[in-house]
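Notes for the structure review
Each chain is listed here by its residues.
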Amino acid sequence: MHRYPLSFIVLTALGVLCAIPGLISIAGFGAVMHPVLDDPMAGLAFNVSAAALIGSGAFPLVIEKLKEDDER
């Protein structure tokens, strides 16, 4: 069983949670969730934030992979 770094799991989960309202807003159904999400640019901001969170979570994963390769 492979163990992922906690920061990778947390940041990726937050990125996915941030992407959901972003995609809903861009699809045009944001007003159902909140009036602010009626603007597609709010959805774009959510998706950019989601990409940043997922990217930030990838760094600990890459560092862990590099450490595993060095141990071999």
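Below is a summary of the structure that appears in this document. Note that the structure is a prediction, hence the values are computed from the model and not measured.

Points about the overall build of the chain
Along its length, the chain carries three helices and zero strands. Counting helices and strands in the order they occur from the N terminus, the chain gives α-α-α. Taken over the C-alpha trace, the chain has a radius of gyration of 16 Å; the compact-globule value for 72 residues is 11 Å, which it surpasses by more than 25%. Taken along its principal axes, the extent of the C-alpha atoms in the chain is 55 × 20 × 15 Å. Across the 72 residues in the chain, those meeting the buried criterion constitute 24%. Of the contacts made within the chain by residues no fewer than 6 positions apart, 61% connect residues no fewer than 24 positions apart. Working note: accessible area of the chain is about 5200 Å², and carbon and sulfur atoms make up 72% of it. The average position of the 4 basic charges and that of the 7 acidic charges among the side chains of the chain differ by 11 Å.

Section: the packing of helix H1 (residues 6-26) against helix H3 (residues 40-71)
Interaxial distance between H1 and H3 falls to 7 Å at its minimum, and their mutual angle equals 165°. One finds that H1 runs roughly antiparallel with respect to H3. Handedness of the crossing formed by H1 with H3: left-handed. Along the lines of polarity and charge, the residues of the contact of H1 with H3 split into 19 nonpolar, ten polar and no charged.

Reading the values: the criteria
- Residues numbered from 1 in each chain as written.
- Predicted model: local features only at pLDDT ≥ 70, side-chain atom pairs only at ≥ 80, totals over all residues.
- Heavy atoms only, no water.
- Helix = DSSP H or I, 4+ residues; strand = E, 2+ residues; numbered from the N terminus.
- Rg over C-alpha atoms; globule rule 2.2 N^0.38 Å.
- Buried < 20%, exposed > 50% of the residue type's maximum accessible area, 1.4 Å probe, protein only.
- Contact = heavy atoms within 4.5 Å.
- Areas by Shrake-Rupley, 256 points an atom, 1.4 Å probe, with all protein chains shown as cover.
- Lys, Arg positive; Asp, Glu negative; His and termini not counted.
- Charge placed at Lys NZ, Arg CZ, Asp CG, Glu CD.
- Axes fitted to C-alpha atoms, helices over the stretch in contact; angles between N-to-C directions.
- Parallel < 35°, antiparallel > 145°, perpendicular 65-115°, else oblique.
- Left-handed = near helix turned anticlockwise from the far one by under 90°.
- Nonpolar A, V, L, I, M, F, W, Y, C, P; charged D, E, K, R; others polar.

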